[in-house]
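One-letter residues, chain by chain:
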Amino acid sequence: MLDVFTGGTKKSGADFEVVVLRDSHAAATAIREALATAGAEERPGLERAAALIAEHAARPEREVRAEWVRGILAEAGVDARSQELHAIKALRRAERGLSLATAVRLVREAAAVAAEPGRSVPSGI
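Residues numbered from 1 in each chain as written. Predicted model: local features only at pLDDT ≥ 70, side-chain atom pairs only at ≥ 80, totals over all residues. Heavy atoms only, no water.

For the rest of this paragraph, the subject is the overall build of the protein. Regarding its fold elements, the protein presents 5 helices and 2 strands. Burial status across the protein gives 32% buried among its 125 residues. Partitioning the intrachain contacts of the protein with sequence separation of at least 6 by distance along the chain shows that 50% fall at a separation of at least 24. (Helix = DSSP H or I, 4+ residues; strand = E, 2+ residues; numbered from the N terminus. Buried < 20%, exposed > 50% of the residue type's maximum accessible area, 1.4 Å probe, protein only. Contact = heavy atoms within 4.5 Å.)

Moving on, we come to helix α3 (residues 61–76). Between the first and last C-alpha of α3 there are 23 Å, a value that for 16 residues agrees with the 22 Å anticipated at 1.5 Å per step. Burial in α3 covers these residues: Glu63, Val64, Arg65, Ala66, Trp68, Val69, Arg70, Ile72 and Leu73. Phi for Gly77, located one or two positions after α3, is positive at around 70°. (Expected span 1.5 Å × (residues − 1).)

Turning to the environment of Arg59, a few remarks are in order. Along the chain, the position of Arg59 falls in the loop between α2 (43–57) and α3. Setting aside residues up to four positions removed in sequence, Arg59 forms contacts with Arg22, Val64 and Glu67.

One finds Trp68, Val69, Leu91 and Leu106 to be the most contacted residues of the largest nonpolar core, which totals 20 residues. With 7 residues, helix α5 (residues 100–115) is the largest single contributor of residues to this core. The next biggest cluster of nonpolar side chains, apart from the first, holds 6 residues, and it includes Ile31, Ala38, Leu46 and Ile53. (Core = buried A, V, L, I, M, F, W, Y, C linked by side-chain atoms within 4.5 Å.)

Moving on, we come to the side chain of Arg59. On the basis of relative accessibility, which here comes to 17%, the residue Arg59 falls in the buried class. Within the structure, the side chain of Arg59 is placed 2.8 Å from the side chain of Glu67, a separation counted as a polar contact. (Polar contact = N/O pair within 3.5 Å; in protein donor to acceptor, adjacent residues only side chain to side chain.)

With that settled, the discussion passes to the packing of helix α1 (residues 24–37) against α2. Axis separation between α1 and α2 bottoms out at 10 Å; the angle between their running directions is 160°. On the basis of the axis angle, α1 is roughly antiparallel to α2. In the packing of α1 onto α2, the handedness of the crossing is left-handed. Here α1 contributes Ser24, Ala27, Ala28, Ile31, Ala34 and Leu35 to the contact with α2, which in turn contributes Arg43, Leu46, Glu47, Ala49, Ala50, Ile53 and Ala57. Residues that form the contact of α1 with α2 fall into these classes: 10 nonpolar, 1 polar and 2 charged. (Axes fitted to C-alpha atoms, helices over the stretch in contact; angles between N-to-C directions. Parallel < 35°, antiparallel > 145°, perpendicular 65-115°, else oblique. Left-handed = near helix turned anticlockwise from the far one by under 90°. Nonpolar A, V, L, I, M, F, W, Y, C, P; charged D, E, K, R; others polar.)

What follows is the structure, given as structure tokens:
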């Protein structure tokens, strides 16, 4: 989950910031508690769930932000790499609190993360 918090006002020169909020700790705790009492049939599924939660919790914030941006742009049918201006507009339309500078950074970050070698990203980022 991502949320947008104001970092200040235009007078102070501060810009909006995008903060990555993760609730994977609560899910991981619940899975560990379930594993403690799990029978043989449940254990493999719970162990797989614990591994998936750990994998997602370890992702860098820039990847989480990029995924969030890609989701918004996919809904708008806009490609960040070939339609940067439209992508910025779509992102700001979806999240009214984003400043222009923040939207530009987020769209460019999403495009850069998608272009990293070995990364498979669905079309329409």
